Amino acid sequence: AAGVIQSPRHLIKEKRETATLKCYPIPRHDTVYWYQQGPGQDPQFLISFYEKMQSDKGSIPDRFSAQQFSDYHSELNMSSLELGDSALYFCASSHGTTYNEQFFGPGTRLTVL
Amino acid sequence: AQTVTQSQPEMSVQEAETVTLSCTYDTSESDYYLFWYKQPPSRQMILVIRQEAYKQQNATENRFSVNFQKAAKSFSLKISDSQLGDAAMYFCAYRSPKLTQGGSEKLVFGKGTKLTVNP
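Notes on the structure follow. From a predicted model like this one, the values you see are computed outputs, not experimental measurements.

Cut-off values and rules
Residues numbered from 1 in each chain as written. Chains lettered and ligands numbered in written order. Predicted model: local features only at pLDDT ≥ 70, side-chain atom pairs only at ≥ 80, totals over all residues. Heavy atoms only, no water. Core = buried A, V, L, I, M, F, W, Y, C linked by side-chain atoms within 4.5 Å. Buried < 20%, exposed > 50% of the residue type's maximum accessible area, 1.4 Å probe, protein only. Helix = DSSP H or I, 4+ residues; strand = E, 2+ residues; numbered from the N terminus. Salt bridge = Lys/Arg side-chain N within 4 Å of Asp/Glu carboxyl O.

**What to know about the nonpolar core**
Inference 1: Among the nonpolar cores identified, the biggest contains 26 residues, and Tyr25(B), Trp36(B), Phe75(B), Leu77(B) and Tyr90(B) are the most heavily contacted of them.
Inference 2: With four residues, strand β10 (residues 88-95) of chain B is the largest single contributor of residues to this core.
Inference 3: Core analysis: the next-biggest nonpolar cluster, separate from the first, contains 22 residues, Leu11(A), Ala19(A), Ala66(A) and Val112(A) among them.

In structure tokens form, the structure reads like this:
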């Protein structure tokens, strides 16, 4: 069965640079979520989209922005990167009308030097 | 806001034995969903088991079962016949019902319990 795809899997950036993380949900899933997991921490919700509209927002810095496109894939754009942004970024997807289980992608490991 | 508490940062169990991981949560909602996720060293988040609050029957998935006590707001995970592959970080998670504008609510995670399985 198809799973959530995230790219890139690993990303190394310098401070003050910009990064773009991509997420391709499971086909026919209409909701995408972004979570940030720092070292030794639990995943923290950043933002979600339902049918290409932002549906909820968590503790996402103003330096970050995200959107969901017409093909339902989503991108998380991160600017003015800081050392503290180093983390594992998960994307998850779900189908809004059924069981609503969130299926997680493998994550993108971002390292800011 | 809802909170999830896992009071055991680390647990260990002998292979083939049984272990129980604790989770409590705080909410004023009457309907919600609870989950246990497993995160092995690969860091992949894997759903282990889920429970709908309106269901009184405890969920079971093969060697994994839960003890859901709604009044006590407790949701523990029991792993029977532990295997080496069960070694991982386990996260308890809470989710509210569907958002009124569509889609689904975010997951709220506990801090996790690191499970070690000894051969």
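**A few points about the pattern of salt bridges**
Inference 1: With the rule as written, the count across this model stands at ten salt bridges over all chains.
Inference 2: Across the pair Arg63(A) and Glu82(A) runs a salt bridge whose closest N-O atoms are separated by 3.4 Å. In this pair, Arg63(A) sits in the loop between β6 (53-57) and β7 (64-68) while Glu82(A) sits in the loop between β8 (74-78) and β9 (87-94), placing the two residues 19 residues apart along the sequence.
Inference 3: With a relative accessible area of 42%, Glu82(A) lands in the partly exposed category.
Inference 4: We note a salt bridge from Glu101(A) to Arg50(B), for which the minimum N-O separation is 2.4 Å. Of this pair, Glu101(A) sits in the loop between β9 and β10 (103-104) while Arg50(B) sits in strand β6 (residues 46-52), on two different chains.

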